[in-house]
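# Tertiary structure, described
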Amino acid sequence: MFRKFDGAAYRWDGVEPHVYKEDSSVFRSVTKQVLFEREGDLPVQFRYFQVEPGGWSSLERHGHMHMVVIFRGRGHALIGGEVREVAEGDMMTIPSWAWHQFRADRGEPLGFFCLVNADRDAPSYPTEADLEEMRRAPAVAAFLDGKA
Ligand code: MN
């Protein structure tokens, strides 16, 4: 398999971007391109997500892990209780059951590759009680309010 990258559009040959519904409280301005799906002895899915300026990925957690590499732009990531500034080239893992979210809160798109197991559980989303708990950490509250 070979996919040519179009650096002007941030798209790969033969991949149809999936555009998430706009302005949900769960996510905003996010597209997903599935670049690789379970082939040969690699039981993984490899995706590229792009969050447009002012947008965010869903705040979620699940049993499966992510490995993420930032490919474009800057923003912030919430991983467990930690808020981190992220920029092109940064690499991180998201442990099992850690709350996580990516925000393009620096006025530019935030694009990242994300590797997951092809066989994985579905995400769960925070309850009001979970959000209250998370917000006890001032840095997390600021992040969730888009003021990181
Ligand atoms: Mn996730």
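The following paragraphs examine the structure supplied in this document. Computed from a predicted model, the values in this text were never measured in an experiment. (Residues numbered from 1 in each chain as written. Predicted model: local features only at pLDDT ≥ 70, side-chain atom pairs only at ≥ 80, totals over all residues. Heavy atoms only, no water.)

### Things to note about the overall build of the protein
Basically, it comes down to this: In this text, helices come from DSSP runs of H or I with a minimum length of four residues, and strands from runs of E with a minimum of two, each type numbered from the N-terminal end. Here the radius of gyration uses the C-alpha set of atoms, whereas the globule reference equals 2.2 Å times the residue count to the power 0.38. To sort residues, take the accessible area from a 1.4 Å probe on protein chains only and compare it with the maximum for the residue type: under 20% means buried, over 50% means exposed, and anything in between is partly exposed. The contact definition used throughout considers only heavy atoms, calling two residues in contact when any of these lie within 4.5 Å. Using the Shrake-Rupley algorithm and a 1.4 Å probe, accessible areas are obtained, with residue cover drawn only from the displayed protein chains. Under the counting rule used here, the positive set is Lys and Arg, the negative set is Asp and Glu, and His together with the chain ends is not counted. Charge positions come from single atoms, namely NZ of Lys, CZ of Arg, CG of Asp or CD of Glu.
Counting secondary structure elements, the protein contains two helices and 11 strands. From first element to last, N terminus to C terminus, the protein shows the α and β order β-β-β-β-β-β-β-β-β-β-β-α-α. At 15 Å, the protein has a C-alpha radius of gyration in line with the 15 Å of a compact globule built from 148 residues. C-alpha atoms of the protein, sized along the principal axes, occupy 45 × 30 × 25 Å. A total of 148 residues make up the protein; the buried ones form 40% of that total. Across the protein, contacts joining residues at least 24 apart in sequence account for 63% of those joining residues at least 6 apart. Carbon and sulfur atoms form 52% of the exposed surface of the protein, whose accessible area is close to 8100 Å². Mean positive and mean negative side-chain charge positions of the protein (18 and 23 charges, respectively) differ by 2 Å.

### Here we look at the environment of G89
Along the chain, G89 falls in the loop between β8 (82–87) and β9 (91–94). Along the sequence, G89 and V15 sit 74 residues apart, while their C-alpha atoms lie 23 Å from each other. Not counting residues within four places of it along the chain, the set of residues in contact with G89 comprises V69 and I70.

### Some details on the nonpolar core
So the rule is basically this: Side-chain atoms within 4.5 Å link the members of a nonpolar core, which is a set of buried Ala, Val, Leu, Ile, Met, Phe, Trp, Tyr and Cys residues.
Counting residues in hydrophobic clusters, the biggest one holds 18 residues, and the most contacted among them are V68, I70, M92, F102 and F112. For this core, the elements supplying multiple residues, two or more each, are β5 (42–56), β6 (66–72), β7 (74–79), β9 and β11 (110–117). In terms of residue count, the dominant contributor to this core is β11 (four residues). I70 has contacts with V86, A87, E88, G89, D90, M92, F102, L110, G111 and F112, leaving out every residue within four places of it along the chain. By size, the runner-up hydrophobic cluster in this structure holds seven residues, among which are L59, L78, M134 and F143.

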